[in-house]
Amino acid sequence: MELKLQSILFPDKEEYTDYADLFYKGGLGIQDKAEQCFVFSKYSTCDFGAYLNAFSMKKWKKHTKIGQTSLKLVIKGDFELVLSGYHRIEESAKRDVLLKKEYHCDEKTEISVNIPNNKETLVAFELRMYSDCYVYDGGYYAEVNEEEFNEVRLSIATTTFKKEDFIRKNVKMIKDEILSKDDIIGRNVYLHIVDNDEGRVLSAEEFEGEHVYYHRNKNVGGSGGFTRGMIESLQQKPKATHVLLMDDDVVVLSESIKRTYLMLLLVKPKYKEYIISGAMLCYEEMDVFHEDVGFLGADGGQNSSKGHGKIVDMADMLQKEEAKTKKADSYAGWWYCCIPATMIEKNGFSLPLFIRVDDTEFSFRNQAKFITMNGICVWHMGFTLKFNYFMEYYQVFRNFLIEEACNPSRGRRERIWSRFNGLFLSEILRFNYNAAEMIVDAIRDYLKGPAFIEEEKCQERLKTMSAKNADMKDFEEFDEYGVDIDSIYQEDYRSLKDTILYRLTFNGQIFWPKKWLRKGPAVVAHDWFYNPQRQCLVDSVIAINPNAYTAEIRKLDKKKFRKVMKYYFTTVKRYRKMHKVIDKAYYDRRRYLTSYKFWKEYLELDKYQ
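As the structure is a prediction and not an experimental result, all values here were calculated from the model. (Residues numbered from 1 in each chain as written. Predicted model: local features only at pLDDT ≥ 70, side-chain atom pairs only at ≥ 80, totals over all residues. Heavy atoms only, no water.)

## Some points on the pairing of strand S9 (residues 133-143)
1) Next: The buried fraction of S9 is high, at eight of 11 residues.
2) Next: For strand S4 (residues 37-40) and S9, the ladder comprises three bridges, and the chain directions are antiparallel. Paired with Val39 across the strands is Tyr134, a residue of S9.
3) Next: As defined by bridge partners, strand S6 (residues 69-89) adjoins S9 across eight bridges and the pair is classed as antiparallel. (Buried < 20%, exposed > 50% of the residue type's maximum accessible area, 1.4 Å probe, protein only. Helix = DSSP H or I, 4+ residues; strand = E, 2+ residues; numbered from the N terminus. Pairing = 2+ DSSP bridges.)

## A look at the side chain of Asp527
1) Next: If you trace the backbone, Asp527 turns up in the loop between strand S26 (522-525) and helix H15 (532-535).
2) Next: Salt bridges are absent for the buried Asp527, whose nearest opposite-charge side chain, Arg430, sits at 5.9 Å.
3) Next: A polar contact of 3.2 Å, which involves the side chain of Asp527, links it to the backbone nitrogen of Phe529.
4) Next: Among all residues touching Asp527, those that are not within four sequence positions of it are Phe387, Glu427, Arg430 and Tyr489. (Lys, Arg positive; Asp, Glu negative; His and termini not counted. Salt bridge = Lys/Arg side-chain N within 4 Å of Asp/Glu carboxyl O. Polar contact = N/O pair within 3.5 Å; in protein donor to acceptor, adjacent residues only side chain to side chain. Contact = heavy atoms within 4.5 Å.)

## Focus: the sheet that holds strand S28 (residues 550-555)
1) Next: Spatially, S25-S28-S27-S26 is the arrangement adopted by the four strands of the open sheet, whose pairing is mixed. The open sheet has two free edges, formed respectively by strand S25 (473-474) and S26, since each of these has just one partner strand.
2) Next: Sheet analysis places S25 next to S28, joined by two bridges and oriented antiparallel. Looking at the pairing, Lys473 lines up with Ala551 of S28.

## Considerations on helix H9 (residues 389-406)
Quick reminder: α-helices carry 3.6 residues per turn. Residues three or four places apart thus point the same way.
1) Next: Its 18 residues place the ends of H9 24 Å apart at the C-alpha level, agreeing with the 26 Å of an ideal helix rising 1.5 Å per residue.
2) Next: Among the 18 residues of H9, 18 are classified as buried, and the element is accordingly described as predominantly covered.
3) Next: Where H9 begins, one side-chain oxygen reaches toward the backbone nitrogen of Phe390, 3.1 Å away; that side chain belongs to Asn388. (Expected span 1.5 Å × (residues − 1).)

## What to know about the pattern of salt bridges
1) Next: Tallied over the entire structure, the rule returns 40 salt bridges.
2) Next: As a salt-bridge pair, Lys13 and Glu177 come within 3.7 Å of each other at their nearest N and O atoms. Of this pair, Lys13 sits in the loop between strand S1 (2-7) and strand S2 (25-26) while Glu177 is found in helix H2 (residues 164-179), placing the two residues 164 residues apart along the sequence.
3) Next: Classification of Glu177 by relative accessible area gives partly exposed; the value is 28%.

## Overview of helix H8 (residues 358-365)
1) Next: Buried residues dominate H8, accounting for eight of its eight residues.
2) Next: Taken as a whole, H8 has its buried residues at Asp358, Asp359, Thr360, Glu361, Phe362, Ser363, Phe364 and Arg365.
3) Next: Among the residues trailing H8, Gln367 stands out with phi positive, at a value near 45 degrees.

## Quick look at the packing of aromatic side chains
1) Next: Taken as a whole, this structure holds 32 aromatic pairs when the rule is applied.
2) Next: Arranged with centres 5.7 Å apart and planes meeting at 80 degrees, the rings of Phe226 and Trp334 form a pair that is edge-to-face. Here Phe226, found in helix H4 (residues 221-235), pairs with Trp334, found in the loop between strand S21 (330-331) and strand S22 (336-340); they are 108 residues apart in sequence, far enough to count as distant.
3) Next: Relative to Tyr393, the ring of Tyr389 lies with its centre 5.2 Å away and its plane at 45 degrees, an arrangement referred to as tilted. Taken together, the residues span about one helical turn, with Tyr389 and Tyr393 both in helix H9 at a distance of four residues. (Phe/Tyr/Trp six-rings, centres within 6.5 Å; stacked < 30°, edge-to-face > 60°.)

## Regarding the packing of helix H10 (residues 412-429) against helix H11 (residues 433-446)
1) Next: Two numbers describe how H10 lies on H11: the axes approach to 7 Å, and their chain directions differ by 150 degrees. With respect to H11, the axis of H10 lies roughly antiparallel. Crossing of H10 over H11 shows left-handed handedness. In contact with Arg413, Trp417, Phe420, Leu423, Phe424, Glu427 and Ile428 of H10, H11 contributes Tyr433, Ala435, Ala436, Ile439, Val440, Ile443 and Tyr446.
2) Next: Taken together, the residues of the contact of H10 with H11 sort by class into 12 nonpolar, no polar and two charged. (Axes fitted to C-alpha atoms, helices over the stretch in contact; angles between N-to-C directions. Parallel < 35°, antiparallel > 145°, perpendicular 65-115°, else oblique. Left-handed = near helix turned anticlockwise from the far one by under 90°. Nonpolar A, V, L, I, M, F, W, Y, C, P; charged D, E, K, R; others polar.)

## Regarding a negative patch on the surface
1) Next: Taken together, Asp474, Glu476, Glu477, Asp479 and Glu480 make up a surface patch of like negative charges.
2) Next: Positionally, Glu477 belongs in the loop between S25 and helix H14 (496-504). (Patch = residues over 30% accessible without salt bridge, like charges linked within 9 Å, V, L, I, M, F, W, Y side chains within 5 Å. Areas by Shrake-Rupley, 256 points an atom, 1.4 Å probe, with all protein chains shown as cover. Charge placed at Lys NZ, Arg CZ, Asp CG, Glu CD.)

## Description of the sheet that holds strand S15 (residues 275-277)
1) Next: Taken in spatial order, the seven strands line up as S12-S11-S10-S13-S22-S15-S23 in an open sheet, and their pairing is mixed. At either margin of the open sheet sits one strand with a lone partner, and together these are strand S12 (212-216) and strand S23 (370-371).
2) Next: Sheet topology places strand S11 (residues 189-195) next to S12; five bridges connect them, and they run parallel. Bridge pairing in S12 links Ile193 to Tyr214.
3) Next: Each of strand S10 (154-160), S11, S12, strand S13 (242-246) and S22 is contacted by H4, which is oriented at about 150 degrees to S10, the strand it contacts most.
4) Next: Contacts between helix H5 (residues 254-266) and the sheet are confined to S10, S11, S13, S15, S22 and S23, with S22 contributing the most and set at about 20 degrees to the helix.

## Side note on the pairing of strand S8 (residues 122-129)
1) Next: The buried fraction of S8 amounts to seven of the eight residues, a majority that puts the element mostly inside the structure.
2) Next: Bridge count between strand S5 (residues 45-47) and S8: three bridges; the pairing is antiparallel. Following the sheet pairing, Asp47 is matched in S8 by Glu126.
3) Next: With eight bridges joining them, S6 and S8 adopt antiparallel strand pairing. The partner of Glu80 across the bridge, within S8, is Arg128.

This is how it looks when you write it as structure tokens:
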């Protein structure tokens, strides 16, 4: 039988208008809503070799059981169809024309061309219009054996906390564009909405229907919300074979979910235990790629395996398609992550880490392997506007220490320690004493052992620790300082003399009289960006978030400096003395902490049904 693997997409919603090059490049198509088509003008060229419409020929062939592939279009007009394959040579895209054919369609017509056998990474088509052309529909198809279909029931589990507008929009889209269709996908997709907001703005009555379920949940962060989604997916009737974890503050296309389902339906036995990891594109700049698979780098940080950047040019798309995801210490983020149910049943649910590193730990624990593909993606709210020290320092460091205790490895712990030691020094050298203290708090709480995270006090800890976050105020309140906001991320040249004094005196905090300090505030970034020369031997800094237009003044305080440094050395000494015992306690408890028995009590499932 013939099965449609991929639909041709158009920028048919207002939010995509400025990013049409994700769909096609060249001629500017105009939507005719009455005719339900896109119209392209005479003597224009339109190239559908774009991120959402290029066909990932190599990956479909590698991962699935497909036969002859073809391109079909429903179209009216006079045009030449050019079908091409693309692969990468060094940093450039190499194009090979597979076929050319002219058409003269006086009325709405379905045309079909078989795709010649090839070894190209991507296949795409171009239309060269000799008249106004009306494109109604289209897609890439493949011959498949129905008897070889895998059994697939895909459960989408999305956990939300005060993101009602996103959730409502995404649920409506899934209902209208997937669940309402009487086809193999519509009949086998389920949706579980896990609401962590105990204020309960949302309700079961608003959402529930056939294959759609709403679950009240405690505010237990992403790890607790997604675990609840996994539990409900495995307990639904019939049980899900795969669980697609998806963040709440995302924009997603139904096509991404459909392609995910079809990949699972056709995937070869060799790849059945692979995770399908969708890409995170930037919500604020929709043609910018952030990450689909990440890895823990040599710097101890979480990095994108394929790098960041725009995905408009074919060379950039090919780089993302051909980049390897087999780096050591790789993980898939849970913004769009499709996990086989067998993996959960074999190795358990999330660790109760509240927020951050839960997805990374899950990948490490399962030694996960990944499938990625252009067009399987979400647009996610950027992290820059949401940056805060509780999340980035306390949660990430504490949770990585726990992760390493549960999944001991060679070299990861040293890299993580090196990173956060560096961050501790960076913050204390720019007088951000609360942030430096939170890094030490992470070590302190890790040393409390597994009993600390077994006790559900997420909201209480969030409130207590968040009080140490920067008190960022509207940038207008600091007009008197005449800050050049465009210079924040420009690194200043370091003088040798200043560098030596900076290091010897901990930036004026020891061995240096206050009267010798320069008058501030010096302009620094609010996040990880480190510019030592600018803050060298000043009495204060102004930390700025140029994206949110907020700022905070931080003053040198020798008393606070001594207090935090004493706390640091005392805690690190305790860590060196105790960590092997603490590691073993976490390791011995790890299976229980990821079990249904633990999570049933932790989530109080009997109460929150």
